[in-house]
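If you want the building blocks of each chain, they are given just below.
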Amino acid sequence: MNRPKTEDGWQVWDLVGRLGGQLRVIPGAVLGWDMGAALAMAQALGIDALTAAELLPEIEAVMVRKLNEQIGEGHG
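Report follows, based on the coordinates. (Residues numbered from 1 in each chain as written. Predicted model: local features only at pLDDT ≥ 70, side-chain atom pairs only at ≥ 80, totals over all residues. Heavy atoms only, no water.)

## With respect to helix 3 (residues 49–72)
(1) Moving on: Compared with the 34 Å implied by 1.5 Å per residue over 24 residues, the 34 Å span of helix 3 between its first and last C-alpha is a close match.
(2) Moving on: Of all the bends in helix 3, the largest measures some 30° and sits at Leu56, one to four residues before the proline Pro57.
(3) Moving on: Taken residue by residue, helix 3 has Thr51, Ala52, Leu56, Glu60, Met63 and Val64 as its buried positions.
(4) Moving on: Buried-residue contacts for helix 3 involve helix 1 (7–17), strand 1 (23–26), strand 2 (29–33) and helix 2 (35–44).
(5) Moving on: With its phi angle positive at about 85°, Gly74 sits one or two positions after the end of helix 3. (Helix = DSSP H or I, 4+ residues; strand = E, 2+ residues; numbered from the N terminus. Expected span 1.5 Å × (residues − 1). Bend = angle between axes of the 7 residues up to and from the residue. Buried < 20%, exposed > 50% of the residue type's maximum accessible area, 1.4 Å probe, protein only. Contact = heavy atoms within 4.5 Å.)

Structure representation (structure tokens):
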């Protein structure tokens, strides 16, 4: 399992759980998060900006791929 191994990692993972309302979407596809809003939320929560900027795009790529797969299968 790819669980966070550091406190910073856990903080970013918690942030990811809060980003559901920050999705950028078009009909039939998820594009990603509003990264400006995501980084502003990280700052407001006291999460290290560099850590968030490094980890969020990698997590976002997996999230986008998985959600778009579900949409393509009719489970979205």
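## Examining a negative patch on the surface
(1) Moving on: A surface patch of like charges, here negative, comprises Glu7, Asp8, Asp48, Glu54 and Glu58.
(2) Moving on: Secondary structure elements with two or more residues in the negative patch: helix 1 and helix 3.
(3) Moving on: Along the polypeptide, Glu7 turns up in helix 1.
(4) Moving on: The exposure class of Glu7 is exposed, given its relative accessible area of 55%. (Patch = residues over 30% accessible without salt bridge, like charges linked within 9 Å, V, L, I, M, F, W, Y side chains within 5 Å. Areas by Shrake-Rupley, 256 points an atom, 1.4 Å probe, with all protein chains shown as cover. Salt bridge = Lys/Arg side-chain N within 4 Å of Asp/Glu carboxyl O. Lys, Arg positive; Asp, Glu negative; His and termini not counted. Charge placed at Lys NZ, Arg CZ, Asp CG, Glu CD.)

## Section: the pairing of strand 2
(1) Moving on: Here four bridges tie strand 1 to strand 2, and the two strands are oriented antiparallel to one another. By the bridge assignment for strand 2, Val25 is matched with Val30.
(2) Moving on: If you look at the hairpin formed by strand 1 and strand 2, you'll find two residues sitting between the two strands, and Gly28 has a positive phi there, around 85°. (Pairing = 2+ DSSP bridges.)

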